[in-house]
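# Architecture at a glance
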Amino acid sequence: MLTILFDGIAYGMLLFVLAVGLAVTMGLMNFINLAHGAFAMVGGYITVLLMQRLGMPFLLCLPLAFAGAALLGGVLERTLYRPMYARPHLDQVLFSIGLTFMAVASMDYFMGSTQQIIQLPDWLRGRTEIGSGSWILGMGHYRLFIVAVCAALTLALQYVLARTRFGSRLRASVDDQRVAAGLGINVNVVFLSTFAVGSGLAGLGGALGAEVLGLDPTFPLKFMIYFLIVVAVGGTSSITGPLLAALLLGIADVAGKYYIPKLGAFIVYSLMIAILIWRPQGLFVRKGGK
Amino acid sequence: MNKRTFIQAAVMATVALAGAQALAQDNKFRIGLLLPMTGPFASTGRQIEAAAKLYMAQNGDTVAGKKVELIIKDDTGTPDVTKRLAQEMIVNDKVNVLAGFGLTPLALATAPLATQSKTPMVVMAAATSSITQASPYIVRTSFTLPQVTIGVADWAPRNGIKKVVSLVSDYGPGIDAERTFKDRFTFNGGTVVDAVRVPLRNPDFAPFLQKVRDAKPDAVFAFVPSGAGSALMKQFAERGLDKAGIKLIATGDVTDDDILNDMGEVAVGVVTSHHYSAAHKSPLNQKFVEAFGKANKGLRPNFMAVGGYDGMRVIYEALKTTKGAGGGEALLAAMKGQVFESPRGPIFVDAQSRDIVQNVYIRKVEKVGGQLYNVEFETIKDVKDPGKAR
């Protein structure tokens, strides 16, 4: 019972790290980036390559996966994404989904389409159990690690967005680009760094998730639907919305598969539909704004 | 040269050329190999392609005076693509034999085309029992899941495993495995306390394995398609099922030779039953594994490769028997009833069901010379697909 809850939380946290970058680009920058999963895949493959070919330790790979995906995100923002900001949403969707398919095909070509396997360090394997009987709580060490990393990230993000100068500049740029630019904010730089960080977070999520979710070239397509659900249910105006949505989805998914295996895969979708009927704008909507 | 003679000469030259071409075409024997070369099941395609090419390299490409030509196309593991490509191969390329078929739905989608065009169809991988019943032109050289499942269902109760939860991927072969295991295991005096089906594209085994753990069985019987095996195995250890005293028994797909080495220590000791292991002890297999590795940068052949290798042999032998003259019917007749020694041991293409009859081995994962292998320790001789009895 508690074990299922814990697994659900860990799964949800992982979904959150994967999707939060999308929430930022979609909600704050008003850009629909369906290639988000591709950045996550890049992060995963960076980890796999560094570990398999260079024998780097897992912990070192995580920041490198973040950096690699962020760098790629930055370069693509400057070259491909920026001209698309002013275009209608449909164009953005077609453009980014095209990018996704290109990423899938090229990963397939360069890395082969088999599942990539990574070997975790020993201290991340194994599991701790507390309690007994039906209230037993079993925690896999790796899942604990995921929860810890994600919690730290959430706090950091919330702090940056709500309290720092950069956060207020970003919010200002989003609400009205022209006025923000007039106030001396370099909107291009703000957007560039935001997009890079969003992609980097996806990369980190991919690196963390390679062990739990599996990693192959179809990763972006397989998980795009989950990202979109997180963002749609959570709303895109804050960090807490997607976080709660991701937790809810993670728990519902794991518990559904445990208690009603026959329906397991559908629970998530039914939940999403129910929530969206109840609150079409997502669970948390910022009052005012655009 | 005046104009008329020039035209005559040109026409004659064209006719002669066309004739020569037609003659050359008559003298070719085309095998259309449909395989998933990209997508999640690409490893199946890669193994079979390598094995088919190896067989041709070893046995030459001229058989009974005909030049054998292999046409390989990538069906990406999607049934409608397989069907379209098969149609193209029959109509445009005029293939004499269709072969390959990495997954059950791919084979089933193509079966009606084989019947209509009277083209023999050699299934080298797909393993649902019912496939050979989909067309009288299908011959299978791989295996069926019921065939390899009964081995472990017989072995388990003899070794103190009485209570089992089965965990299978939710598609044709998985359901075949689940049903066969339950029937056989119950017949042998065991009980299946729960049957869990996992979606085929499931990212995370955690909740399902937790369910298994809470049921506290002696063992879990698993079938997942090759590739997902390593994820299952890791989760099995991470969830502490081994420490809770639950054993893992499975069909050989889970400990596929292709990925076994990457699974690491968690795989050691897992008991499976299957028809082929790269560690099968026979001179023929040693030669096969060595040649396969040499031609493919040290790649280890798995059960898919052996299905492709034997499939090519069945086609070659049929062509020899018909002396290169026969059409589809004659080729099919020559494929039925072939008996020969394969790298996996003696095999036999049953003339009546057109399905393969072979030995099934019980194996345990062991470390041999620093590498993980499925080491065979028991043989069940000449197993016919039990699915056909029903």
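Throughout what follows, the structure given in this document is the object of discussion. (Residues numbered from 1 in each chain as written. Chains lettered and ligands numbered in written order. Predicted model: local features only at pLDDT ≥ 70, side-chain atom pairs only at ≥ 80, totals over all residues. Heavy atoms only, no water.)

### Observations regarding empty space enclosed by the protein
Rule in force here: Space inside and on the surface of the protein is sampled on a 1 Å grid over the protein atoms alone, with a cavity defined as a set of points where a 1.4 Å probe fits but cannot get out and a pocket as an open set with protein on both sides within 12 Å along at least 5 of 7 lines; lining residues have an atom within 4 Å of a point. Grid points are joined across faces, edges and corners, and a volume is the space filled by probe spheres set on the points. Side-chain classes are defined by residue name, with Ala, Val, Leu, Ile, Met, Phe, Trp, Tyr, Cys and Pro counting as nonpolar, Asp, Glu, Lys and Arg as charged, and the others, Gly among them, as polar. Only DSSP runs of H or I reaching four residues or more are called helices, and only runs of E reaching two or more are called strands; each is numbered from the N terminus.
By the definition in use, this model includes two cavities of 30 Å³ or more. For the largest cavity, the calculated volume is near 170 Å³. Forming the walls of the largest cavity are 18 residues, and the residues nearest its centre are B:G102, B:L103, B:Y171, B:D253 and B:M304. Here the residues of the lining of the largest cavity are counted per class, giving 13 nonpolar, four polar and one charged. In this structure, the second largest cavity spans a volume of roughly 30 Å³. Every residue lining the second largest cavity is listed: A:L22, A:N33, A:L34, A:H36, A:G37, A:M224, A:F227 and A:L228. Of all the secondary structure elements, the ones that give two or more residues to the lining of the second largest cavity are helix 2 (36-54) and helix 9 (219-234) of chain A. Tallying contributions element by element places helix 9 of chain A first for the lining of the second largest cavity, with three residues. Here the residues of the lining of the second largest cavity sort into five nonpolar, three polar and no charged.

### Structural notes on the sheet that holds strand 2 (residues 62-63) of chain B
Residues and elements named next belong to chain B. How we decide: In this scheme, strands are said to pair when DSSP sees at least two bridges between them. Any pair of residues with heavy atoms lying within 4.5 Å of one another is described as a contacting pair. What counts as an axis is a line fitted to C-alpha atoms, over the stretch in contact for a helix, and the angles between N-to-C directions run from 0 to 180 degrees.
On the basis of which strands lie adjacent, the open sheet formed by six strands has the order 2-3-1-4-5-6 and mixed pairing. The open sheet has two free edges, formed respectively by strand 2 and strand 6 (138-140), since each of these has just one partner strand. Where strand 1 (residues 28-35) lies against strand 3 (residues 66-74), eight bridges are found, and the strand directions are parallel. Following the sheet pairing, L34 is matched in strand 3 by K73. Packing of helix 11 (residues 303-321) onto the sheet brings it into contact with strand 1, strand 2, strand 3, strand 4 (97-100) and strand 5 (121-123), and relative to strand 1 it is tilted by some 160°.

### Here's the deal with the interface of chain A and chain B
Applicable threshold: Accessible area that two parts lose when put together, with a 1.4 Å probe and added across both, is what the buried area reports. We define a salt bridge as a side-chain nitrogen of Lys or Arg found within 4 Å of a carboxyl oxygen belonging to Asp or Glu. Polar contacts, as used here, are pairs of N or O atoms within 3.5 Å; protein pairs need one atom able to donate a hydrogen and one able to accept it. Residues neighboring in sequence count only if both atoms are side-chain atoms.
Taken together, the contact pairs 28 residues of chain A with 28 residues of chain B. For chain A, the biggest contributors to the area lost against chain B are A:I117, A:K257 and A:Y258; these three give 24% of the whole. Connecting chain A to chain B are three salt bridges. With a closest N to O distance of 3.0 Å, B:K234 and A:E211 form a salt bridge. Taken together, the links from chain A to chain B amount to seven residue pairs in polar contact (both at pLDDT 80 or more).

### Quick word on the packing of aromatic side chains
Think of a pair of aromatic rings as described by two things: how far the centres are apart, and how the planes are tilted against each other in angle. Residue and element names in this part refer to chain B. In plain terms, the rule: A pair of Phe, Tyr and Trp rings is counted when the ring centres sit within 6.5 Å of each other, with Trp represented by its six-membered ring. The angle between the planes then sorts it: under 30 degrees is stacked, over 60 is edge-to-face, the rest tilted. Buried residues are those whose accessible area, probed at 1.4 Å on protein chains only, stays under 20% of the maximum for their type, while exposed residues exceed 50% and partly exposed ones sit between those limits.
The final tally for this structure, using the stated rule, is 23 aromatic pairs over all chains. Taking 5.2 Å as the distance between ring centres and 80° as the angle between the ring planes, the aromatic pair formed by Y55 and Y309 counts as edge-to-face. Here the residue Y55 occupies a position in helix 2 (residues 42-59), and Y309 occupies one in helix 11, the gap between them amounting to 254 residues. You'll find Y55 and Y309 in the same group, each marked buried. Measuring from ring centre to ring centre gives 6.3 Å for Y171 and F223, while their planes differ by 25°; the resulting arrangement is stacked. With a gap of 52 residues between them, Y171 in the loop between strand 7 (163-169) and helix 6 (172-187) and F223 in strand 9 (residues 219-223) connect regions that are remote in the sequence. Taking the relative accessible area as the measure of exposure, Y171 reaches 16% and is therefore buried.

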